Amino acid sequence: MNASLQGDFKINGLSLRSFVNLSPLEAEEVRRWRNHPEIRRFMYNDREIDSIEHIQFIESLRESSHSGYWVVHEENRPLGTLSLTRFNPLHHHAFLGIYANPFDSTKGRGKRLMEALLALSFSHFGLHTLKLEVMEENERAITLYETMGFAREGCWRDYIFKEGRYRSILLMGILNETL
């Protein structure tokens, strides 16, 4: 687990660029993706993020030993973002975050992003297990996670309140089978 959560990586033909290394223009592009209605609808915090808040968030990552965020490019095409949060080097686990660039409709983006995230987590960081939380109604994401080998591990019933009703969160995980 010697790799830095703020480092840039090349994985499976993809470039992963840390949020802390983005230009202001690139950071603004990520904020635009995050504020897209199709991305926001499955976030715990679904309000629009303003530019000052986004810059402050990126600055907070510079000193973080528990969170890393990356923009992923295939050649020069931005596929989306990945994150590892609640990174625990003692117990060798983290939680993932992922969303595809909502302005690109290339097929297979989600799978490519997940492949990169699994390689980053298991090969570069040596994690034993990777966890995630997903809204129960996000069927497309759940299908992707299950296709990639994640198993359902639990459910937080009525965990968040959005759009006038409570929503449940599925907990999923995958083990590094190479250890």
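Anything mentioned here points back to the structure above.
Bear in mind the structure is a predicted one, so any value in this text is a computation, not a measurement.

What counts and how
Residues numbered from 1 in each chain as written. Predicted model: local features only at pLDDT ≥ 70, side-chain atom pairs only at ≥ 80, totals over all residues. Heavy atoms only, no water. Buried < 20%, exposed > 50% of the residue type's maximum accessible area, 1.4 Å probe, protein only. Helix = DSSP H or I, 4+ residues; strand = E, 2+ residues; numbered from the N terminus. Arc of directions from axis to C-beta. Contact = heavy atoms within 4.5 Å. Axes fitted to C-alpha atoms, helices over the stretch in contact; angles between N-to-C directions. Parallel < 35°, antiparallel > 145°, perpendicular 65-115°, else oblique. Left-handed = near helix turned anticlockwise from the far one by under 90°. Nonpolar A, V, L, I, M, F, W, Y, C, P; charged D, E, K, R; others polar. Patch = residues over 30% accessible without salt bridge, like charges linked within 9 Å, V, L, I, M, F, W, Y side chains within 5 Å. Areas by Shrake-Rupley, 256 points an atom, 1.4 Å probe, with all protein chains shown as cover. Salt bridge = Lys/Arg side-chain N within 4 Å of Asp/Glu carboxyl O.

**Student:** Just checking my understanding: could you explain helix α5 (residues 139–147) for this structure?
**Tutor:** Along an α-helix, a turn takes 3.6 residues, which lines up residues three or four apart on a common side. If you check which residues of α5 are buried, you get Ala141, Ile142 and Tyr145. For α5, the arc enclosing every buried residue in end-on projection is 100 degrees, short of the 170-degree limit, so these residues lie on one face. What points out from α5, more than 90 degrees from its buried face, is the exposed set Glu139, Arg140 and Thr147. At its buried positions, α5 is contacted by β5 (93–100), α4 (109–124), β6 (129–135), β7 (151–162) and β8 (165–175). Count one or two residues on from α5 and you reach Gly149, which has phi positive near 105 degrees.

**Student:** How should the environment of Leu61 be read in this particular structure?
**Tutor:** Relative to the helices and strands, Leu61 is located in helix α3 (residues 51–61). Through-space distance from the C-alpha of Leu61 to that of Asp104 is 26 Å; in sequence the pair is 43 residues apart. The contact partners of Leu61, leaving out residues within four places of it in the chain, are Gln6, Phe19, Val20, Ser67 and Tyr69.

**Student:** In this structure, what is going on with the environment of Glu136? I would like to understand it.
**Tutor:** Its location among the elements puts Glu136 in the loop between β6 and α5. Along the primary structure Glu136 and Phe122 are separated by 14 residues, whereas in three dimensions their C-alpha atoms are 26 Å apart. Once residues within four sequence positions are removed from consideration, Glu136 is found in contact with Ile142, Cys155, Ser168 and Leu170.

**Student:** Is there a simple way to explain the packing of α4 against α5 in this structure?
**Tutor:** A pair of packed helices can be characterised by two numbers: the angle between their axes and the separation between those axes. Where α4 meets α5, the axes come as close as 10 Å, and the angle between the chain directions of the two elements is 50 degrees. With respect to each other, α4 and α5 are oriented oblique. The element α4 and its partner α5 pack so that their crossing is right-handed. Between α4, through Arg109, Gly110, Lys111 and Met114, and α5, the contact on the second element is made entirely by Arg140, Leu144 and Tyr145. Counted by class, the contact of α4 with α5 contains 3 nonpolar, 1 polar and 3 charged residues.

**Student:** How do you make sense of the packing of helix α1 (residues 24–34) against α3 when you look at a structure like this?
**Tutor:** The N-to-C vectors of α1 and α3 enclose an angle of 115 degrees; their axes lie 10 Å apart at closest approach. Between α1 and α3, the angle falls in the class roughly perpendicular. Seen along the crossing, α1 lies across α3 with a hand that is right-handed. Touching Ala27, Glu28, Val30 and Arg31 of α1 are Ser51, His54 and Ile58, all from α3. In terms of residue class, the contact of α1 with α3 is made up of 3 nonpolar, 2 polar and 2 charged.

**Student:** Looking at this model, I keep getting lost on a nonpolar patch on the surface. Mind explaining?
**Tutor:** There is a patch of nonpolar side chains on the surface, built from Tyr44, Trp156 and Tyr159 and spanning about 300 Å² of accessible area. As for its position among the elements, Tyr44 is in the loop between α2 (37–40) and α3. The class of Tyr44 is partly exposed, set by a relative accessible area of 39%.

Keep in mind that these numbers describe shape and distance, not what the molecule does.
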